Amino acid sequence: MEIKVALGRIEETKDKAIVVNLFKGVKTPGGATGAVDGALEGMITDLIRGGDLTGKFKEVVLFRTLGRIPAERVLVVGLGEKEKFSLDRIREVSAKVARHLRDAGIDTFSTIVHGAGIGGFDLQQATEALVEGALLGVYKFDRYKTEQEEEEKRKLKRMTVVVKDQKDVDTAKKAVQWSQTVASATNLVRDLVASPSRDKTPTRLAEIASQVAQEAGLKCTIIDRDEAEKLNMGAFLGVAQGSDEPPKLIVLEYSGGPKSGKPIAIVGKGITFDSGGLSLKPADSMMAMKEDMAGAAATIGTLRAAAELKLPLNLVGIAPCTENLPSGRATKPGDVLKTHLGKTIEVLNTDAEGRLVLADALGYATSFDPQAIVDMATLTGACMVALGKKTTGMMGTGEGLMEKLKEAGRKTGDYVWPLPLFDDYEDQIKSEVADVKNIGGKYGGAITAALLLKKFVKDVPWVHLDIAGTVWTDGAPDALKREYHPKGPTGVGVRLLIQMLRDWAPST
Ligand code: BES
Ligand code: ZN
Ligand code: ZN
């Protein structure tokens, strides 16, 4: 969908539909809604009086203008209670409107910026939320469908953001560009996560990453099996050895900061299919396991967005990609693997493979002398048990970094919340034969997984994000259910990290 900014008055705008809003309980609309109401000789006030329009959150009332104004239709969207109004509500309302119009077969519309002015947000923030909500809300993954009803094929062509002051045009244009970049990276991540494993093998993912790198101006290095052997990445290779697909460790580098500036490292788990290996998963649990590379996808997406937004800092993104399959050559429970940093791991369950590939990727990340490391991984079912599927689990050693991420989560709606990393849990991962074992018993599974990772970050401030619960939504009550989260992959991590990096480099 194309997004434009236009200078003008919404009631004078010619389009298939114009969009205005109403807070709950307002009887006499003001601002832009009031202006449209005036031009329509009180049609909106009439709807309110008749009880057909109440301003309830996400309420949508669409009607034809019968030639009284240049626009063919007006859509009034409910903003809900004024006290509950937030940036996330702007995203939700915008997503709802875009989907409603698309599904009604209306492919172009013009909208005011909900929340600017009367809602109390500044124009830039509100416009960003508006554009982000619409672009994320209309996302569909239909590239594998060859048969679709006409209604299902409907797509929006254009959204025009209408501002009425000349001085606001540049701000709105900047905000549109920012959000288009972030939403497009998020939707790229969604596409990658939704893709079938056979079409996103480690080799294919590495090709996609190098193409992204070329387009965005990133440096891309692919570490293949031979190279990984030279780097003594025994844990990464131990996971890969059961598969016929060669493993690839993707390294993306972005230099937007001073030459001497230490990079921030972003590391993402890239298991392109997790069968569990010889510790085979039951069929039902395996069904979703194409999503096990969401950390790697979010790493690629974040690096792309950071480069396109020209954030003034240096980043390195590292994504260890492999399948986890059983075979005659697969790693067996009881095997001991030697990592890049030299520490050994006893593998007692081959389904706890994420921490193995991350042990090598995190260890390798420390060789870039980073000022901080953030990893993202669909790591444990236990995290879902602890926090549900609506919040990403956060553990680490970088206290300041965790505060920054919590704040970024609050701003973006991509929520994170801390779980403890107390040393007391260490006993659970002590091995009889190696330096550490890869399972920690029945309780506190998200924590014991993170404690293993902690052994591979040296003394670099580090945060681990367990996205197993937040990576996918099926629309059920226990899953993420925002209007800008259509069923499927959520694209978790990109908006969160870009916000964190933006706050890190406050000149943008
Ligand atoms: N990829 C899974 C975790 C997962 C589960 C992600 C559900 C998304 C949805 C991970 O590799 C895994 O299998 N973890 C095991 C660890 C256990 C064997 C210690 C788990 O959580 O059951
Ligand atoms: Zn697993
Ligand atoms: Zn996994």
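Refer to the structure printed above.
Residues numbered from 1 in each chain as written. Chains lettered and ligands numbered in written order. Predicted model: local features only at pLDDT ≥ 70, side-chain atom pairs only at ≥ 80, totals over all residues. Heavy atoms only, no water.

1. As for the packing of helix H10 (residues 294-308) against helix H15 (residues 494-504)
Note the threshold: As a rule, the C-alpha atoms of each element are fitted with a line to give its axis, helices using only the stretch in contact, and angles between N-to-C directions run from 0 to 180 degrees. For the purposes of this entry, the term helix denotes a DSSP run of H or I that reaches at least four residues, the term strand denotes a run of E that reaches at least two, and both are numbered from the N terminus. Roughly parallel means an angle under 35 degrees; roughly antiparallel means over 145; roughly perpendicular covers 65 to 115; every other angle is labelled oblique. If you view the pair so one helix is near and one far, a crossing is left-handed when the near helix is turned anticlockwise from the far one by less than a right angle, and right-handed when it is turned clockwise. Whether two residues are in contact is decided by their heavy atoms: any pair within 4.5 Å suffices. Amino acids are sorted into nonpolar (Ala, Val, Leu, Ile, Met, Phe, Trp, Tyr, Cys and Pro), charged (Asp, Glu, Lys and Arg) and polar (every other residue, Gly among them).
Packing of H10 against H15 leaves a shortest axis separation of 9 Å and a crossing angle of 40°. By the angle class used here, H10 and H15 are oblique. When you trace H10 past H15, the crossing you get is right-handed. Packed against H10, whose contacting residues are Ala298, Gly301, Thr302, Ala305 and Ala306, the element H15 presents Val494, Leu497, Ile498 and Leu501 at the interface. Class assignment of the residues belonging to the contact of H10 with H15 gives a composition of seven nonpolar, two polar and no charged.

2. Quick look at the pattern of salt bridges
Counted only if it meets this: Salt bridge, as used here: a side-chain nitrogen of Lys or Arg that lies within 4 Å of a carboxyl oxygen of Asp or Glu.
Under the definition given, this model contains 34 salt bridges. One salt-bridge network, in which partners are shared between bridges, spans Asp88, Arg91, Glu132, Arg482 and Arg495.

3. Quick look at the sheet that holds strand E12 (residues 336-338)
Using the following cut-off: Pairs of strands are assigned from DSSP output, requiring at least two bridges between the strands.
One open sheet holds the three strands; their spatial order is E12-E13-E17, and the pairing between them is mixed. The open sheet has two edge strands with one neighbour each: E12 and strand E17 (436-437). Summarising the sheet, strand E13 (residues 344-346) and E17 pair through two bridges and their orientation is parallel. Across the sheet, the residue bridging to Glu346 is Lys437, located in E17.

4. Concerning empty space enclosed by the protein
Where we set the bar: A pocket, in this scheme, is an open set of points on a 1 Å grid over the protein atoms alone with protein on both sides within 12 Å along at least 5 of 7 lines, while a cavity is a set where a 1.4 Å probe fits but cannot get out; residues line either one if an atom lies within 4 Å of a point. Grid points are joined across faces, edges and corners, and a volume is the space filled by probe spheres set on the points.
Applying the stated rule across the entire model yields three cavities of 30 Å³ or more. Considering only enclosed or pocket space, the largest cavity measures out at about 110 Å³ in volume. The wall of the largest cavity is formed by 16 residues, among which Asp414, His485, Thr490, Val492 and Arg495 lie closest to the centre. Among the residues forming the lining of the largest cavity, the class breakdown is five nonpolar, six polar and five charged.

5. Some points on the side chain of Thr470
To be explicit about the condition: Only protein chains enter the accessibility calculation, which uses a 1.4 Å probe. A residue is then buried if its area is under 20% of the maximum for its type, exposed if over 50%, and partly exposed in between.
On the secondary structure map, Thr470 appears in the loop between strand E18 (462-466) and strand E19 (472-473). Of the residues examined, Thr470 reaches a relative accessible area of 2% and is grouped as buried. If we skip the residues at most four places from it in the chain, Thr470 touches Lys389, Lys390, Thr391, Thr392, Leu480, Thr490 and Val492.

6. Remarks on the coordination of the zinc ion (ligand 3)
Which entries qualify depends on this criterion: Each metal site lists N, O and S donors within 2.8 Å (3.2 Å for Na, K and Ca). With water left out of the atoms, a site can look as if it is missing ligands. Any site counts as irregular unless it has four donors with all angles between 85 and 135 degrees, making it tetrahedral, or four or six donors with opposite ones more than 155 degrees apart and the rest between 65 and 115, making it square planar or octahedral.
Coordination of the zinc ion (ligand 3) by the protein is provided by Lys269 (NZ), Asp274 (OD), Asp292 (OD) and Glu353 (OE), with metal-donor distances spanning 2.0 to 2.4 Å. Classification of the site at the zinc ion (ligand 3) as octahedral follows from its six donor atoms and the range of 77 to 172° in their angles at the metal. When the donor residues of the zinc ion (ligand 3) are listed from N- to C-terminus, their spacing reads K-x4-D-x17-D-x60-E. Between the two metals, the zinc ion (ligand 3) and the zinc ion (ligand 2), the spacing is 3.2 Å, and Asp274 donates to both.

7. Section: helix H14 (residues 445-454)
For H14, the buried fraction is high: nine of the ten residues fall into the buried class. Turning to H14, its buried residues number three or more, namely Gly445, Ala446, Ile447, Thr448, Ala449, Ala450, Leu451, Leu452 and Leu453.

8. Description of the site of ligand 1
Quick note on the threshold: Residue proximity to a molecule or strand is established when one non-hydrogen atom of the residue lies within 4 Å of it. Here a polar contact is taken to be a pair of N or O atoms separated by no more than 3.5 Å, where protein atoms must pair a possible hydrogen donor with a possible acceptor and residues adjacent in sequence count only if both atoms sit in side chains. Here the open area of atoms and residues is found with the Shrake-Rupley method and a 1.4 Å probe, where only the protein chains shown may cover a residue.
The local shell around ligand 1 holds 17 residues, among which Lys281, Asp292, Asp351, Glu353 and Gly381 are the closest. With respect to ligand 1, the side chain of Asp351 contributes an N or O atom lying 2.8 Å from an oxygen atom. When ligand 1 is considered free in solution it has 520 Å² of accessible area, and contact with the protein chains removes 78% of it. In terms of residue class, the shell around ligand 1 is made up of five nonpolar, four polar and eight charged.

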